[in-house]
Each structure stands twice: as structure tokens, then as C-alpha cells.
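# Tertiary structure, described
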Amino acid sequence: MYKRRRMELLENLKWRYATKKYDVAKKVSEEDIDKIKEAVQLSASSYGLQLYKVLDIRNAALREELKPASWGQPQITDASHLLVFCNYADVKDEHIDEYVALKAETQGLDASALQGYGDFIKGKMKERSLEEKQAWTAKQTYIALSSALAACAELKIDSTPMEGFEADAYSKILGLEERGLQAAALLAIGHRSDEDATQHGKKVRKSLDNLIETI
Ligand SMILES: Cc1cc2nc3c(=O)[nH]c(=O)nc-3n(C[C@H](O)[C@H](O)[C@H](O)COP(=O)(O)O)c2cc1C
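Residue numbers run consecutively from 1 along every chain, following the written order of its sequence. Only residues with pLDDT of at least 70 are given local features in this predicted model, and only at 80 or more are side-chain atom pairs given and counted; all residues enter the totals for whole chains, interfaces and linings. The side-chain quantities take in all heavy atoms of the structure and omit both hydrogens and water.

## Some points on the site of the ligand
The condition is simple: One heavy atom suffices: a residue is near a molecule or strand as soon as one of its heavy atoms comes within 4 Å of it. Polar contacts, as counted here, are pairs of nitrogen or oxygen atoms within 3.5 Å of one another; within protein the pair requires one atom able to donate a hydrogen and one able to accept it, and residues that are adjacent in sequence qualify only if both atoms are side-chain atoms. Surface accessibility in these figures is a Shrake-Rupley result with a 1.4 Å probe; residues are shielded only by whichever protein chains are displayed.
In the neighbourhood of the ligand, 14 residues make up the surrounding shell, with R16, K20, Q73, K203 and R205 lying closest. One nitrogen or oxygen atom from the side chain of R16 is found 2.7 Å from an oxygen atom belonging to the ligand. Contact between the ligand and E163: a nitrogen atom at 2.9 Å from a main-chain N or O atom of the residue. Starting from 620 Å² of accessible surface for the ligand in isolation, the protein chains cover 66%.

## Some remarks on a negative patch on the surface
Quick reminder of the rule: Within the patch definition used here, like charges are joined within 9 Å and nonpolar side chains (Val, Leu, Ile, Met, Phe, Trp, Tyr) within 5 Å, considering only residues with over 30% relative accessible area and no salt bridge. One speaks of a salt bridge when a side-chain nitrogen belonging to Lys or Arg is within 4 Å of a carboxyl oxygen belonging to Asp or Glu. The positive count covers Lys and Arg only, the negative count covers Asp and Glu only, and His and the chain ends enter neither. Here the site of a charge means NZ on Lys, CZ on Arg, CG on Asp, or CD on Glu. The secondary structure listing takes helices from DSSP runs of H or I that are at least 4 residues long and strands from runs of E that are at least 2 residues long, numbered from the N terminus.
A cluster of acidic residues, E166, D168, E177 and E178, forms a negative patch at the surface. Looking at the element boundaries, D168 is found in helix α8 (residues 167–174).

## What to know about α8
An α-helical turn contains 3.6 residues, so a residue and the one three or four places further along point in the same direction. To keep things clear, this is the line we draw: Throughout, exposure labels follow a simple rule: accessible area from a 1.4 Å probe, protein chains only, divided by the maximum for the residue type, with under 20% read as buried, over 50% as exposed, and the rest as partly exposed. By arc we mean the arc of the directions from the helix axis to the C-beta atoms, nothing more. By definition in these notes, contact holds between two residues if any of their heavy atoms fall within 4.5 Å.
Residues of α8 that are buried: Y170, S171 and L174. Along the long axis of α8, the arc covered by the buried residues comes to 100 degrees, so they all point the same way. Opposite its buried face, α8 presents the exposed residues D168 and K172, each directed more than 90 degrees away. Tucked into the core, α8 has its buried residues touching β1 (52–56), α3 (60–66), α4 (75–78), β2 (81–88) and β4 (181–190). One or two residues past the end of α8 sits G175, with phi positive at roughly 60 degrees.

## Examining the sheet that holds β1
Rules: For two strands to pair, DSSP has to find at least two bridges joining them. Axes here refer to lines fitted to C-alpha atoms; in helices the fit is confined to the stretch in contact. Angles between the N-to-C directions go from 0 to 180 degrees.
Ordered in space as β1-β2-β4-β3, the four strands form an open sheet in which the pairing is antiparallel. Two strands close off the open sheet at either side, each with one partner strand: β1 and β3 (158–162). Here the strands of the sheet are splayed against their neighbours by 20 degrees on average, with no regard to which way each runs. Of the strand pairs in this sheet, β2 and β4 are connected by eight bridges, and their pairing is antiparallel. Looking at β4, one finds that C86 is bridged to A183. Sitting on the sheet, helix α7 (residues 130–154) is in contact with β1, β2, β3 and β4, with an inclination near 10 degrees to β4.

## With respect to the side chain of T137
Along the chain, T137 turns up in helix α7. The class of T137 is buried, set by a relative accessible area of 0%. Here the side chain of T137 touches N87 through a polar contact of 3.0 Å, side chain to side chain. T137 has contacts with L51, N87, Y88 and V91, leaving out every residue within four places of it along the chain.

## Considerations on the environment of A61
You can see A61 is positioned in helix α3. Note on A61: relative accessible area 51%, which makes it exposed. Measuring from C-alpha to C-alpha, the distance between A61 and R6 comes to 44 Å, with 55 residues separating the pair along the chain.

## Quick word on the pairing of β4
Looking down a regular strand, the side chains alternate between one sheet face and the other. Most of β4 is tucked away: nine of the 10 residues are buried. Here β3 runs beside β4; their pairing, made up of five bridges, is antiparallel. Bridge pairing in β4 links D158 to G190.

## What about the pattern of salt bridges?
Per the stated rule, a full pass over the model turns up 12 salt bridges. When the shortest N-O distance is used, the salt bridge between K21 and E195 registers 3.6 Å. One end of the pair, K21, is in the loop between α1 (8–15) and α2 (30–41); the other, E195, is in the loop between β4 and α9 (208–211), with 174 residues separating them in the sequence. Across the salt bridge formed by K35 and D32, the nearest N and O atoms sit 3.7 Å from each other. Of this pair, K35 and D32 both sit in helix α2, three residues apart, which is roughly one turn of that helix. The partly exposed category is assigned to K35, whose relative accessible area is 40%. Taking relative accessible area as the criterion, D32 reaches 19% and is therefore assigned buried.

By themselves, these observations are geometric and do not establish any function.
Set out below in C-alpha cells:
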């Protein structure tokens with residue numbers, strides 16, 4: 001029989017908000033940060049390729065340097081942690097080979113049995129321009145970002161998803177280009193300041209009827 005269950009995710013999503021002002025003194029534990037990272041790891045990605053890398057910026061001087069490149073937003077330096085979600089700047093055959101090898105090893109399969117699958121993905125990638133591939137890998141990072149947001153909310157940890165930054169400046173400061181990466185989005189993580197007025201604002205959302213259409 002269908003059993004009605006309370007959906008905590010909805011409660012958590014109502015609790016969270018994009019935090020503007022953090023309490024600098026309140027740090028998030030390593031244990032919780034590890035859980036948030038695991039939520040990133042478990043995120044869905046197209047073909048399972050996970051063509052992104054997340055940088056956990058612990059260096060305070062670097063965060064000071066990143067702040068002016070982030071429209072001066074205080075969360076960059078004041079939050080307990082700052083994650084930079086970087087997408088791969090290109091999708092190369094070797095990335096597909098790496099995935100196929102990992103899948104074979106993880107699932108105890110013969111790599112040769114997966115060759116057709118790998119070739120299919122490679123073929124699909126060759127149909128795309130570099131810009132299309134970059135837009136596609138950047139999209140994947142947002143799925144991981146969303147998992148991290150939900151994980152933070154469940155842990156009652158505040159967070160801010162952020163796009164308000166200059167990707168070129170981030171690339172220079174963090175040496176992303178030489179690593180084949182581009183900064184797509186940020187996630188500041190920490191605990192809200194009592195003075196953050198944003199926490200008292202009612203959520204602004206379109207009605208479900210407006211947002212979702214049943215056809
Ligand atoms: C991809 C993305 C980028 C965002 N960039 C910023 C940002 O740079 N700075 C900021 O304070 N909030 C940023 N936000 C937060 C949004 O403004 C916020 O999520 C939205 O207004 C809904 O409010 P809520 O998240 O508090 O419910 C961003 C959100 C998303 C999803």
C-alpha cells in the first residue's frame with residue numbers, strides 16, 4: 001500500500017536561501033564539507049563523464065585576490081569555504097577513454113566490451129564545436145552545484161551559488177587555462193550572520209501553474 005512520506009527535501013529547500021552575509025567566526029566542519037563533496041561526486045552527469053573539477057579554495061590570500069574579480073561580493077572571503085566549479089574547456093578522446101577505463105574497472109567489465117560505447121560518445125563529441133562542448137561541460141557543473149546546495153540545506157549549512165564573477169580573471173588567478181579548465185560557478189559555504197537581512201525575506205517564486213505546464 002502507498003505510504004505517505006514527509007518530504008524533507010522540500011523543507012530543506014524552503015530553509016535555504018542565497019546567503020549574502022556570513023558569520024566569519026563560524027566554520028563548517030571537515031566532516032560536513034566531506035559530505036557536501038560526496039554529494040558533488042554522486043551527481044548525475046551526461047554519459048557519466050563528470051567533465052569538471054571542483055576547487056576548494058583554502059588559501060585566504062587567494063580568496064582576497066578573487067574578491068575583486070567577483071564583483072567585490074563579501075561571501076568570497078567571509079564564508080567558511082569557497083568552492084569553484086570548473087568545467088573542462090574541451091572534451092577530448094582521452095577523457096572518454098578515462099571514463100571507459102574507470103567504468104570497466106569499477107564494474108568488472110572487459111574494456112573491449114565498452115569500446116563501442118566509447119566510440120559512440122567520441123563520435124557525438126566530434127559533431128560539436130569547441131564552444132558547444134564548453135557550454136555543455138559548463139551545464140554539467142550546475143547539476144553538481146545543485147546537489148551541493150541541497151546537501152548544504154540538509155546539513156543546515158548556509159550557502160550561496162554564485163555566477164557574479166569574471167571567469168577570465170579567475171582563470172589567471174587560479175591558473176585554470178593551463179589545466180584545461182574554466183570557472184563556471186561558485187559555491188560559498190558557511191553560516192549566516194544574524195545581520196543578514198536576506199534571511200527574513202519571503203521566497204520569490206513563480207506559481208507552479210506558471211512554471212510547469214501539463215500537456
Ligand atoms: C547560477 C546562480 C548564480 C547566482 N549568482 C549569485 C551571485 O553572484 N551572488 C549572489 O549573492 N547570489 C547569486 N545567486 C543567488 C540567486 O540570486 C538566488 O538563488 C535567487 O534570487 C533565489 O533566491 P534564494 O536562493 O534565496 O531562494 C545565484 C544563483 C544561481 C543559481
